[in-house]
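Now for the letters of each chain:
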Amino acid sequence: MQGVKILIQGIVQGVGFRPFVYNLASRLDISGTVSNTSEGVIIHACGNDEGLNLFKAALKNEAPPLSRILSIEESPLYDPPDFDGFSILISSSSAGSSAIIPPDISLCDDCFNELSDPNDRRYQYPFINCTNCGPRFTIVNTIPYDRPKTSMHVFPMCKKCQKEYEDPGNRRFHAQPNACQVCGPSISWHDKDGKHINCDSIIEEAVSALSQDRVLGIRGLGGFHLVTNAFSFKAIQTLRERKGRPAKPLAIMVPDIATANKFASISKSEHDLLLSPEHPIVLLKKRSDLPFPKNLAPDVHDIGIMLPYTPLHHLLFLQNDCPIALVMTSGNISGVPICIDNNDAIARLSHFVDNFILHNREIVTRVDDSVAKVISNKTHIYRRARGYVPSPIVIPWKLPNIIACGSGLKSTFCLGREKTAFPSQHIGDLANMESYDFFIESINHLKQVFGVEPEIAACDLHPDYMSSRYGAELDLPLYKVQHHHAHAVSVMAENSIEEPTLAIILDGTGYGTDGTSWGGEILQAELTSFTRLAHLSHLALPGGDAAAKEPWRMALASLYSTFGKNGLMISNFPKTLSCLDENKCKAISSMLINKFNTPATSSCGRLFDAVASLLGVQHISTYEGQSAIELETRALKYAPSTWKDDLLKFTKHKSSTFNQNDHGKWEISSAEFVKVIIDSLGKEKPIGAIALDFHFQLIETFTTLTRQLADQTGINKVVLSGGCLQNSILLEGFTHALTKKGLEPFTAGNVPSNDGGISLGQAIIGGLSHVSSTPNEGNENRR
Ligand code: ZN
Ligand code: ZN
Ligand code: FE
């Protein structure tokens, strides 16, 4: 007989790990104990050599589906006690300082079967769950992850539930949210003013309302949804008008994968992603003959689809007359965080909805639906929230306890400790007090859940971001990080790259070390420093930030920078701009000529805006990224399936499109893109073709220059990051073209390449700068 002590760290709490170990030990005739401790799960195991080897192998290979093992350490047990069989020890209350709380997980198959079985005691119970599924992060107040520390503490378990909870052989052993209709939370039906309505079946009432095109406010897992019939133009129009969301595409929920397949073409990887435990909204290629009204997702190539993830979603779809596609959008006033509280929802959303489904299980922390897209068989997360947060990103470098405060738009923050980084859920634009409050609440919550007390902080170089101000007020050593350096290091961290790399960062905006706005950059990036090697030549931003919302302003700026004053003569405008207001054009022209309120930018996002407007695709954006998304859609519609081969033949543009300036930096001429566009418009080429050419020209120019920089620096690795790389033509095209030129491209996946990924990059740069005493980017006078 041999004895061994095994320490397992990772996501091993609240995922059925101890019953798994218990059952495994019984099967292999191992005696000993298993317990949750502050360090992780500790196992004392005794058995013969063969049994122990099988046991150790199975711990890794057969671990429960929701667990994620980060490390296993073993040491011999000299003098092992004489264990009487195998037992699960009660967890010590100090458990959890390096324990990790799992994310919220979609309903599992076993629970779904019980939910739809009339003979089961949880038949049609909207809160059914087990150790393999259900709420976690959204109900946890603090560690250790035990029922009294969750919002389930107000629901004492009935005898039957308690028995399941205590039985190591049961699927609900230590399932903290375990409940049934006798003892657990319940749903209720209300009118739009919150008045309770008695009825026989809430689900039937709700489905009947949905089939009559009404809008429901449904309290869900991480917040409220606004829900309506996706087949009804009128229902969608009502929702859009009430919410003040004129054009932004709406995501839908459908009952199952077969239905999803009717509306979108789904690859194997997309299929797996839709059905993954996380159940994100997946952006899929729309089929051409869709039965949906035009106002569901106008002028975009993709449709966002998710599958039901709570028992309540399934109950709706199990009703025969439920529409097989429901619009499910965040229950919020545009720009502020989603509502989580019943009273708050009634106060804020009553004029959006016709009825509410409420429930009485408190949502401790707000978590939006996650959004992801598969490009070249790899999952790219665009919004990282429900299902993914708070799973850690494991990195190869040791960080001090750090908080990275993130960016301004699409913001997240990130906590770092040892070799793990915990990016927060998507917080949103820190543009108002409500969002800022959510930011602060989430910081406090995540600190509590992981027991991390930051010793240092990192923030963006932009002095006016609310997140930067928060960082400055913390009274901790503060590392200010350049925005695009953070974008680059975020991707380096995900790919465990520590040597110097080249970074192509195509982005909306970020504060540069020279005080101008950057966003079309090639950097030489290292973990704690960077050099700006190249950038797009400057365009003026007429009216500053307002230019980002009104692409037509960028069209004028681009005409001015390309053709001078002549370009601004309305008689010289391309026909695509003929719908613009003449007086407004004159006002902007005079701003440009007089250099009045026209800060300079090298942003790629703003170049996209200019092109979208020049092509008549989009003159005013009603949501962030709209013009770029619609430009991509036009190009994709036009692109043949072999477009990547065409990309390699695309060498119409000479290397004279970039030149070295007085500071030795390479400038990529924005005017060259504009010239080609105007020329093509003159030749009356189809808009889709010109849009596709623009993508190709951008890829070709950056790739050629990157190849040249690789030769000069001897660096072969290239990271791709920034908001513009959510564009699939750019991401696929760059990956393809760089590879063909003998370079090694790396992209984001687990963490967004948009500003949601900034905080991870900041945590690494700030943390490692602190450890290595590297000077602060904010204090250094860089060019
Ligand atoms: Zn389950
Ligand atoms: Zn019960
Ligand atoms: Fe950015």
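For the structure given in this document, a descriptive report is provided here. As the structure is a prediction and not an experimental result, all values here were calculated from the model.

All right, on to the overall build of the chain then. Scanning the chain from terminus to terminus reveals 23 helices and 29 strands. The globule rule puts the C-alpha radius of gyration for 783 residues at 28 Å, and the 28 Å found for the chain is close to it. Reported as C-alpha extents along the three principal axes, the dimensions of the chain are approximately 90 × 65 × 50 Å. Counting all 783 residues of the chain, 61% fall into the buried class. Within the structure as shown, the chain displays about 29,800 Å² of accessible surface, and the carbon and sulfur contribution to it stands at 49%. Distance between charge centroids for the chain: 5 Å, based on 72 positive and 82 negative side chains.

The next subject is the layout of surface pockets. Quantified by volume, the second largest pocket comes out at close to 970 Å³. Taken together, 36 residues form the lining of the second largest pocket, with Lys 285, Lys 286, His 301, Asp 302 and Leu 636 sitting closest to its centre. With four residues, strand β11 (residues 281-286) is the largest single contributor of residues to the lining of the second largest pocket. Here the residues of the lining of the second largest pocket sort into 15 nonpolar, nine polar and 12 charged.

What follows covers the coordination of the zinc ion (ligand 1). The protein atoms that coordinate the zinc ion (ligand 1) are Cys 108 (SG), Cys 111 (SG), Cys 130 (SG) and Cys 133 (SG), at distances of 2.3 to 2.4 Å. The site at the zinc ion (ligand 1) holds four donor atoms, and with the angles between them running 103 to 119 degrees, its shape is tetrahedral. You can call Cys 108 buried: its relative accessible area is 14%.

In this section: helix α17 (residues 604-614). By the criterion of burial, α17 is predominantly enclosed, with 11 of the 11 residues buried. Where α17 begins, the capping side chain belongs to Ser 603, and its oxygen is found 3.1 Å from the backbone nitrogen of Gly 605. Of the residues trailing α17, Gly 616 is marked for its positive phi of about 75 degrees.

Another aspect to go through is the sheet that holds strand β18 (residues 414-423). One open sheet holds the four strands; their spatial order is β18-β17-β19-β20, and the pairing between them is mixed. Each having just a single partner strand, β18 and β20 (478-481) make up the two edges of the open sheet. For this sheet, the mean angle separating the axes of adjacent strands, direction not counted, is 55 degrees. Across four bridges, the pairing between strand β19 (residues 456-460) and β20 is parallel. Residue Asp 460 lies in a different strand from β20, and its bridge partner there is Val 481. Here helix α11 (residues 433-450) sits on the sheet in contact with β17 (393-404) and β18, set at roughly 150 degrees to β18.

Omega for the peptide link from Val 389 to Pro 390 comes to 15 degrees, which places this bond in the cis form. Mapped onto the elements, Pro 390 comes out in the loop between β16 (378-383) and β17. For Asn 377, which is not glycine, the phi dihedral falls at a positive 65 degrees. Tracing the backbone shows Asn 377 in the loop between β15 (371-375) and β16.

Our focus in this paragraph is the sheet that holds strand β3 (residues 41-47). Read from one edge of the open sheet, five strands run β4-β1-β3-β2-β5, paired in mixed fashion. Both outer strands of the open sheet, β4 (68-76) and β5 (86-88), are each paired with one neighbouring strand and no more. Averaged over all neighbouring strand pairs, the angle between strand axes comes to 15 degrees, with direction disregarded. Direction of pairing for strand β2 (residues 31-36) relative to β5: parallel, over a ladder of three bridges. Counterpart to Thr 33 in the pairing with β5 is Ser 87. Packed onto the sheet, helix α1 (residues 17-28) meets β1 (2-11), β2, β3, β4 and β5 and runs at close to 170 degrees relative to β5.

Looking now at the packing of helix α15 (residues 551-563) against α17. Closest axis-to-axis distance for the α15/α17 pair is 7 Å, and the angle between their directions is 95 degrees. One element, α15, and the other, α17, form an angle in the roughly perpendicular class. Only Arg 606, Asp 609, Ala 610, Ser 613 and Leu 614 of α17 make contact with α15, whose side of the interface consists of Pro 551, Trp 552, Met 554, Ala 555, Ser 558 and Leu 559. Tallied by class, residues from the contact of α15 with α17 come to seven nonpolar, two polar and two charged.

Looking at helix α6 (residues 233-243), one finds that the buried residues are Ala 235, Ile 236, Leu 239, Arg 240 and Lys 243. Down the axis of α6, the buried side of the element spans an arc of 130 degrees, and every buried residue falls inside it. Exposed residues lying more than 90 degrees from the buried face of α6 are Lys 234 and Glu 241. Turning to α6, the residues buried within the fold contact β8 (224-229) and β13 (326-330). Gly 244 occupies a position one or two residues after α6 and carries a positive phi of about 65 degrees.

So, on to the side chain of Glu 521. Locating Glu 521 in the fold gives a position in strand β22 (residues 517-525). In this structure the side chain of Glu 521 is engaged in a polar contact, spanning 2.6 Å, whose partner is the side chain of Ser 602. If we skip the residues at most four places from it in the chain, Glu 521 touches His 484, Ala 503, Ile 504, Ile 505, Arg 532, Ala 534, His 535, Ser 602 and Phe 702.

So, about the nonpolar core. Note on soluble globular proteins: their nonpolar side chains tend to be buried together. One finds Ile 43, Phe 55, Leu 556 and Phe 734 to be the most contacted residues of the largest nonpolar core, which totals 166 residues. Phe 734 has contacts with Ile 504, Leu 506, Leu 698, Ile 699, Phe 702, Thr 703, Leu 720, Leu 725, Ile 729 and Thr 739, leaving out every residue within four places of it along the chain. Judged by nonpolar contacts, the second largest core, of 37 residues, contains Phe 263, Leu 273, Leu 349 and Phe 356.

Further remarks concern the side chain of Arg 18. The residue Arg 18 is located in helix α1 in this model. For Arg 18, the side chain forms a polar contact with the side chain of His 174, separated by 2.7 Å.

Further remarks concern the pairing of β3. Along β3, six of the seven residues are buried, which leaves the element largely enclosed by surrounding structure. Inspection of the sheet shows β1 paired to β3 by seven bridges, in the antiparallel sense. Considered in β3, the bridge of Ile 6 is made with Ile 43. Alignment of β2 against β3, held across six bridges, turns out to be antiparallel. Bridging from a neighbouring strand, Thr 33 pairs with His 44 of β3.

A few words on empty space enclosed by the protein. Over the atoms, a rolled probe matching the size of one water molecule traces out where space is still vacant. Throughout the structure, instances matching the rule amount to six cavities of 30 Å³ or more. The volume enclosed by the largest cavity comes to roughly 210 Å³. In terms of lining residues, the largest cavity is bounded by 25 residues, among which Pro 126, Leu 221, Thr 310, Pro 311 and Arg 361 are the most central. Broken down by element, the residue count for the lining of the largest cavity peaks at three residues, all from helix α9 (residues 311-318). Considered class by class, the residues forming the lining of the largest cavity number 15 nonpolar, eight polar and two charged.

Let us now look at the pattern of salt bridges. For the structure shown, the criterion picks out 32 salt bridges. Of the charged contacts, one joins Asp 609 and Arg 606 as a salt bridge, the two residues approaching to 2.7 Å between their closest N and O atoms. Residue Asp 609 and its partner Arg 606 are located together in helix α17, separated by three residues, close to a single helical turn. Both residues of the pair, Asp 609 and Arg 606, count as buried. Residues Lys 683 and Asp 679 are paired through a salt bridge, measuring 3.0 Å at the closest nitrogen-oxygen approach. Judged by its relative accessible area of 59%, Lys 683 is exposed. When its relative accessible area of 41% is taken as the criterion, Asp 679 is described as partly exposed. One continuous salt-bridge network, built from bridges that share partners, spans Asp 110, Glu 114, Arg 171 and Arg 172.

Rules used in this analysis
- Residues numbered from 1 in each chain as written.
- Chains lettered and ligands numbered in written order.
- Predicted model: local features only at pLDDT ≥ 70, side-chain atom pairs only at ≥ 80, totals over all residues.
- Heavy atoms only, no water.
- Helix = DSSP H or I, 4+ residues; strand = E, 2+ residues; numbered from the N terminus.
- Rg over C-alpha atoms; globule rule 2.2 N^0.38 Å.
- Buried < 20%, exposed > 50% of the residue type's maximum accessible area, 1.4 Å probe, protein only.
- Areas by Shrake-Rupley, 256 points an atom, 1.4 Å probe, with all protein chains shown as cover.
- Lys, Arg positive; Asp, Glu negative; His and termini not counted.
- Charge placed at Lys NZ, Arg CZ, Asp CG, Glu CD.
- 1 Å grid on protein atoms, 1.4 Å probe; cavity = no way out; pocket = protein on both sides within 12 Å on 5 of 7 lines; lining within 4 Å.
- Points joined across faces, edges and corners; volume = space filled by probe spheres on them.
- Nonpolar A, V, L, I, M, F, W, Y, C, P; charged D, E, K, R; others polar.
- Donors = N, O, S within 2.8 Å, 3.2 Å for Na, K, Ca; no water.
- Tetrahedral: all angles 85-135°; square planar, octahedral: opposite > 155°, others 65-115°.
- Polar contact = N/O pair within 3.5 Å; in protein donor to acceptor, adjacent residues only side chain to side chain.
- Pairing = 2+ DSSP bridges.
- Axes fitted to C-alpha atoms, helices over the stretch in contact; angles between N-to-C directions.
- Contact = heavy atoms within 4.5 Å.
- Parallel < 35°, antiparallel > 145°, perpendicular 65-115°, else oblique.
- Arc of directions from axis to C-beta.
- Core = buried A, V, L, I, M, F, W, Y, C linked by side-chain atoms within 4.5 Å.
- Salt bridge = Lys/Arg side-chain N within 4 Å of Asp/Glu carboxyl O.

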